Amino acid sequence: MTPLISAEGLRRGNENTLRLLARGADDVRLVAAQLFGSRPSVVGEAARRVAEAGFRLVDLNLGCPAPKVRKQQAGAALLGDVGTLRRLVRAVVAASPVPVTAKMRLGPTASDPAPLAAAKMLAEEGIAALAVHGRTLAQRFSGPVDTEAIREIVEAVAVPVWANGGVETPRGARALREATGAAGVMVGRAAVRRPYLINQIEIYEAEGREIPPPSRAELAEAILFHFDKAADLDGEERAARQFRKHLLAYLKAARGVKELRPRAARVASGADVEAVLQAWVDVPDYGS
Ligand SMILES: Cc1cc2nc3c(=O)[nH]c(=O)nc-3n(C[C@H](O)[C@H](O)[C@H](O)COP(=O)(O)O)c2cc1C
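What you see is a predicted model, and the numbers here were worked out from it, not measured in a lab.

Draft legend 1. A look at the overall build of the chain. What the chain contains, in helices and strands, is 14 helices and 7 strands. Referenced to the eigenvectors of the C-alpha coordinate spread, the extents of the chain come out at roughly 55 × 45 × 35 Å. Buried positions account for 36% of the 288 residues belonging to the chain. Contacts spanning at least 24 positions in sequence make up 66% of the contacts within the chain whose residues lie at least 6 apart.

This is the structure:
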C-alpha cells in the first residue's frame, strides 16, 4: 500500500503528491493506494485516478491523527460525524472502479460509540474490508490495544476486519486475531523495522512453526534492494536522504550496532548506504 495520499493534492496536481503514485514496472505487489480527504467529489475523483494508474484497491484513511490531515476534516476527524462520512464513502464507492477498503481507529475514548456506528455504516455503504487500529485518538501510537472494542466491530459488520496495533511477534499476531475474532491482522511499525516479520507470521499461522530471522547478509541484500528501488524512483541523492529513517529503523531491530547509527543518519549516497550495511554485516554480535 502507498503512504496516505492527499485527494486534494491529486486534484491540484501537486508534484509531491503525484510522486506517491509512481511505481516501478515490476512492483506487482503494490496493490493499494490509500487516500485521505473529506470532499466527496474530490476523493471520488482521486479514487478513479488511482484505479486508472493501476492500483487494484483504494483504501480510505479514517484513522490518521496528524494535524495536517485532521485540519481538512479528514482522517480520524471523519469518524465522529457519521452523516458526513456516509456522503463521502457513498461517493467514493460509486466513483471507484476497484474495491474500496477503509482504515480506522477508535474514537476519543475507547467507549465512544462513534467508531462502531461508523464501521456499521461503512459496511452498509459497500466498503469491502475494514482495518481497525485498536487505540484511541488520545493514545495516538502507544499504550494498550483495546481488543474488546475491535471485537465489537468485528461482530457488528459482515465484511472482513483486520485488527491492528502493537503486533511485534507471530505469537502477538495470533493473540490479537484470537482476542478480536478478526479475519486477519495488520502490522505497522514492527514491520518497518523487521519486514520479514510478515513472513514469520504467515508461516506461524499456517504451520505453527517459528522461523528465525534472515541472516545479516540476507538482510543487507534485501535492504540494498529496497534502496535501489527508492533510487529508481527518486534518484540516488534524494533517495539516500529519505532512506536514513529506514536504515535507522532496520538497525534498531539489531543489537550491537549502536555506533553505526550516527553514520546511518547521515547517508547521502548509495555508496554510503552500502558502507553502513557492510559494516553491519561485519559486526559479530548480532541479535534478532
Ligand atoms: C510514522 C507512522 C506513519 C503512519 N502512516 C500511516 C498511513 O499513512 N496510513 C495509515 O493507515 N496508517 C498509518 N500509520 C498507522 C499504522 O498503520 C498503524 O495503524 C499504527 O502504527 C498501529 O500499528 P502498530 O502498533 O503495529 O504500529 C502510521 C504510523 C506511524 C507510526
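Draft legend 2. Just the site of the ligand, in detail. Around the ligand there are 16 residues in total, and Leu4, Lys103, His133, Gly188 and Arg189 lie nearest to it. Among the residues making up the shell around the ligand, the classes are represented as 6 nonpolar, 8 polar and 2 charged.

Draft legend 3. Molecular detail of the domain arrangement of the chain. One can read the domain layout of the chain as domain 1 (4-165) and domain 2 (216-282). Computed from C-alpha coordinates alone, the two centres of domain 1 and domain 2 are separated by 31 Å.

Draft legend 4. Looking closely at the pairing of strand S4 (residues 100-105). Across the 6 residues of S4, 6 count as buried, placing the element largely inside the fold. By the alternation rule, side chains of S4 split into Val100, Ala102 and Met104 and Thr101, Lys103 and Arg105, which are all buried. With 5 bridges joining them, strand S3 (residues 57-62) and S4 adopt parallel strand pairing. Its bridge partner being in S4, Leu62 is matched across the sheet by Met104. In terms of strand pairing, S4 meets strand S5 (residues 130-133) through 4 bridges, oriented parallel. Counterpart to Lys103 in the pairing with S5 is Ala131.

Draft legend 5. Quick peek at unusual backbone geometry. At Gln73, a position not held by glycine, the phi torsion is positive, near 60 degrees. Mapping Gln73 onto the fold places it in the loop between helix H4 (67-70) and helix H5 (82-95). Of note, the phi angle at Arg140 is positive, near 55 degrees, even though the residue is not glycine. Tracing the sequence through the fold places Arg140 in the loop between S5 and helix H7 (147-156).

Draft legend 6. Region of the structure containing the nonpolar core. Among the nonpolar cores identified, the biggest contains 56 residues, and Leu35, Leu130 and Val161 are the most heavily contacted of them. The contacts of Leu35, once residues within four sequence positions are left out, are Ile5, Ala7, Val43, Ala46, Ala47, Val58, Leu60 and Asn61. Within the second largest apolar cluster, 19 residues are counted, among which are Ala220, Ala239, Val257 and Val276.

Draft legend 7. Region of the structure containing the packing of helix H6 (residues 114-124) against H7. Running from amino to carboxyl end, H6 crosses H7 at an angle of 25 degrees, the nearest separation of the two axes being 9 Å. One finds that H6 runs roughly parallel with respect to H7. For the crossing formed where H6 meets H7, the hand is right-handed. From H6, Leu116, Ala119 and Lys120 reach across to H7, where they touch Glu152, Ile153 and Ala156.

Draft legend 8. View of the environment of Glu202. With respect to the element layout, Glu202 can be found in helix H10 (residues 197-207). By C-beta crowding, Glu202 is classed as partly exposed, having 13 other C-beta atoms within 10 Å. Note: C-alpha distance between Glu202 and Val42 (160 residues apart in sequence) is 37 Å.

Draft legend 9. Seen up close, the pairing of strand S6 (residues 161-164). Neither face of S6 is exposed, since Val161 and Ala163 on one face and Trp162 and Asn164 on the opposite face are all buried. Two strands pair when backbone bridges link them, and S5 and S6 are joined in this way by 4 bridges, in the parallel orientation. In the sheet register, Ala131 faces S6, and the bridge partner there is Trp162. With 3 bridges connecting them, S6 and strand S7 (residues 184-186) associate as parallel partners. Bridged to Trp162 within S7 is Gly184. In this fold, S6 hands off to helix H8 (residues 170-180), which returns the chain to S7; that crossover is right-handed.

Draft legend 10. Spatial organisation of H5. Taking 1.5 Å per residue, 14 residues should reach 20 Å; H5 reaches 20 Å between its end C-alpha atoms and fits that length. Those residues of H5 that sit buried are Leu85, Leu88, Val89 and Val92. Burial along H5 is one-sided: seen end-on, the buried residues are contained in an arc of 95 degrees. Looking at the buried side of H5, the elements it contacts are helix H3 (40-52), S3, S4 and H6.

Draft legend 11. Fine view of the sheet that holds S5. A sheet is described by the order of its strands in space; here 7 strands give the open sequence S1-S2-S3-S4-S5-S6-S7, paired in parallel fashion. Each edge of the open sheet is held by one strand with a lone partner, namely strand S1 (4-6) and S7. Across this sheet, the average inter-strand angle for adjacent strands is 30 degrees, counted without regard to direction. Summarising the sheet, strand S2 (residues 32-36) and S3 pair through 4 bridges and their orientation is parallel. Following the sheet pairing, Ala33 is matched in S3 by Val58. Running over the sheet, H3 touches S2, S3 and S4 and is turned about 165 degrees from S2.

Calculation criteria
- Starting afresh in each chain, residues are numbered from 1 along the sequence in its written order.
- In keeping with the model being predicted, local features are shown solely for residues with a pLDDT of at least 70 and side-chain atom pairs are shown and tallied solely at 80 or more, while totals for entire chains, interfaces and linings include all residues.
- Where helices and strands are cited, they refer to DSSP runs of H or I of at least four residues and of E of at least two residues respectively, numbered from the N terminus.
- The burial label depends on the number of other C-beta atoms within 10 Å of a residue's C-beta. Counts of 20 or more mean buried, 12 or fewer mean exposed, and intermediate counts mean partly exposed, with C-beta atoms placed from the backbone.
- Here, residue contact means that the backbone-derived C-beta atoms of the two residues sit within 7 Å.
- Residues are counted as near a molecule or strand when the C-beta atom, derived from backbone positions, lies within 6 Å of that molecule or strand.
- For this classification, Asp, Glu, Lys and Arg are treated as charged, while Ala, Val, Leu, Ile, Met, Phe, Trp, Tyr, Cys and Pro are nonpolar and the rest, including Gly, are polar.
- The split of the chain into domains comes from an automatic or database domain assignment.
- Between any two strands, pairing holds if DSSP finds at least two bridges.
- As used here, a nonpolar core is made of buried Ala, Val, Leu, Ile, Met, Phe, Trp, Tyr and Cys residues. They are joined through C-beta atoms within 7 Å.
- Axis lines are fitted through C-alpha atoms, for helices just across the contact stretch, and the angle between N-to-C directions can take any value from 0 to 180 degrees.
- Should an angle lie under 35 degrees it is considered roughly parallel, over 145 roughly antiparallel, and from 65 to 115 roughly perpendicular; all remaining angles are considered oblique.
- By the definition used in this description, the sense in which the near helix is turned from the far one sets the handedness, with an anticlockwise turn below a right angle giving left-handed and a clockwise turn giving right-handed.
- Crossovers are marked right-handed if the path from the first strand over the helix to the second runs clockwise, as seen with the strands pointing away from the viewer.
- One fewer than the residue count of a helix, multiplied by 1.5 Å, yields its expected span.
- Each C-beta atom gives one direction from the helix axis, and the arc is the one those directions make.

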